[in-house]
Structures are given as C-alpha cells and as structure tokens.
Amino acid sequence: GYGCRLLTGSTKAAEKREITAALADGTLKLVIGTHALISEGIRFGKPGLVICDEQHRFGVGQRETLLEKASPKGGHAHELTMSATPIPRTLAMILYGDLSVSCIDELPPGRKPVATRLVPEHKRQDMYKFIEEQAKAGQQAYIVCPLVEGSDSMDDVQSAVELYEELKKRLSVPVGLLHGQMSNAAKEKAAEAFRRGETGVLVATTVIEV
C-alpha cells in the first residue's frame, strides 16, 4: 500500500530521474534495485531499513557505500544482510562486532526433499542412461560444467561444449546448451526451451545461477 519502484541499470533515464527525486525527498517509501542503488546521484531522504539480499554478490566497499547513503545527517538505517554463503568477514563481525543473527532453518511450504548422490566415474554412463530414461518419462535434467570449452591446463575437467556434443550424439532426447559466452538471444532461447519442457537435458555452466 506504500508504492514500490524498481531501479536497475536498464531503467530509462526519465524514469530514473523520477525515482531518484522521489527517493531524495522521501515520498518513495520502497525501492528494489540492483547495484544501481549505490550509483552516484542516488540519495535516500528518509531511510529506515536497508536489505542486502545475497550479500556475497556485493563487495565490502559496495555495502559500506550503501549504508553511507542510507545514513544521511548522522542518522543510521537498520541493516539486514541475507546470504546462504558463510562469509569470513561477516562471521568476524558476528564474533567481534555488533551484528545479530537470524537463521531461517525451515524450508518453504511444499518444498520437496533433495536427494544427493555421488556417482563414481566408472558409473558415468549408467548415470547418463538414468537421465535419458527420466527425460523420456517427461522429467528434465541439467548438468553443470565448470568450463565453457576445453583447457590445456585443466585437461581432466569436462567442458560444457564437449559434454553437449557428446550427449547430443549419445542421448535420444533433446539436449540443450547454455553458457555465458553465448549471445543474450541464444541464452534466452535455450533457457526458454528448457522452461517449456522442449529440452530434456540442458548442459550448462554456472550461468544458470543467474
């Protein structure tokens, strides 16, 4: 009921000026944004709460800049930093600084349990067969590789492109490829095909985390 605006790097100039002005005079009560919120020219007129989601995506200097912006005229906003990743500096602040901790130790309603399996190398082909059977039954799988292409210095690490070419020939279900070096249009096409269920197996790098 208070109104909410979104500020990102792709926000149009006219809209950004409007949001910036509303933030500065305090008429905008809630803004959600990316790193664009710590860019020059952004001022918070009446800051109350700053939430840093996925705080490991922000550098120490960036978090300090955000807090400085939210603490004009000697005031100080409440700060909530969120992360599932233990960060050494944050742990140190918990031990030696003034930082309280809240733990979310319950899964969201309806979340299915996750079964983790470690498959030895000699059973790799059995794993691919299992994936193929699941895909034929209407399920989906994505396989995450650490590299886009092969590397001479890491010849024991399988790349996404190599594995994609291998599985495309081996599996009788549609196989897709997604990595950061693809064009935006190609990435969107691959992701959308997987979302619609047209791709049974998606070979990707950690770009799927985005």
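Caption draft 1: Expanded view of the packing of aromatic side chains. The tally for this structure, following the rule as stated, stands at one aromatic pair. With a centroid separation of 6.4 Å and an interplanar angle of 80°, the aromatic rings of Tyr142 and Phe194 are classed as edge-to-face. Linking Tyr142 in strand S5 (residues 141-144) with Phe194 in helix H6 (residues 184-195), this pair joins segments that are 52 residues apart in sequence. Judged by its relative accessible area of 52%, Tyr142 falls in the exposed class. Taking the relative accessible area as the measure of exposure, Phe194 reaches 16% and is therefore buried.

Caption draft 2: Expanded view of the environment of Val148. Mapping Val148 onto the fold places it in the loop between S5 and helix H5 (160-170). Its relative accessible area of 15% is what places Val148 among the buried residues. Each C-alpha atom, one on Val148 and one on Gly26, is 46 Å from the other, the two residues being 122 residues apart in sequence. Not counting residues within four places of it along the chain, the set of residues in contact with Val148 comprises Ser159, Ala160, Val161, His179, Gln181 and Thr205.

Caption draft 3: Quick peek at empty space enclosed by the protein. Applying the stated rule across the entire model yields one cavity of 30 Å³ or more. What the largest cavity holds in volume is close to 30 Å³. Taken together, Val50, Ile51, Cys52, Arg63, Leu66, Leu67, Glu79, Leu80 and Thr81 make up the lining of the largest cavity. Of all the elements in the fold, those that place two or more residues in the lining of the largest cavity are strand S3 (49-52), helix H2 (60-69) and strand S4 (78-81). Its residues placed into classes, the lining of the largest cavity shows six nonpolar, one polar and two charged.

Caption draft 4: Examining the packing of helix H4 (residues 124-136) against H5 more closely. The N-to-C vectors of H4 and H5 enclose an angle of 60°; their axes lie 12 Å apart at closest approach. Taken as a pair, H4 and H5 cross one another with a handedness that is right-handed. Mapping the contact onto sequence places Gln125, Tyr128, Lys129 and Glu132 in H4 and Leu163, Glu166, Leu167 and Arg170 in H5. Of the residues belonging to the contact of H4 with H5, the class tally is three nonpolar, one polar and four charged.

What counts as what
Residues numbered from 1 in each chain as written. Predicted model: local features only at pLDDT ≥ 70, side-chain atom pairs only at ≥ 80, totals over all residues. Heavy atoms only, no water. Phe/Tyr/Trp six-rings, centres within 6.5 Å; stacked < 30°, edge-to-face > 60°. Helix = DSSP H or I, 4+ residues; strand = E, 2+ residues; numbered from the N terminus. Buried < 20%, exposed > 50% of the residue type's maximum accessible area, 1.4 Å probe, protein only. Contact = heavy atoms within 4.5 Å. 1 Å grid on protein atoms, 1.4 Å probe; cavity = no way out; pocket = protein on both sides within 12 Å on 5 of 7 lines; lining within 4 Å. Points joined across faces, edges and corners; volume = space filled by probe spheres on them. Nonpolar A, V, L, I, M, F, W, Y, C, P; charged D, E, K, R; others polar. Axes fitted to C-alpha atoms, helices over the stretch in contact; angles between N-to-C directions. Left-handed = near helix turned anticlockwise from the far one by under 90°.

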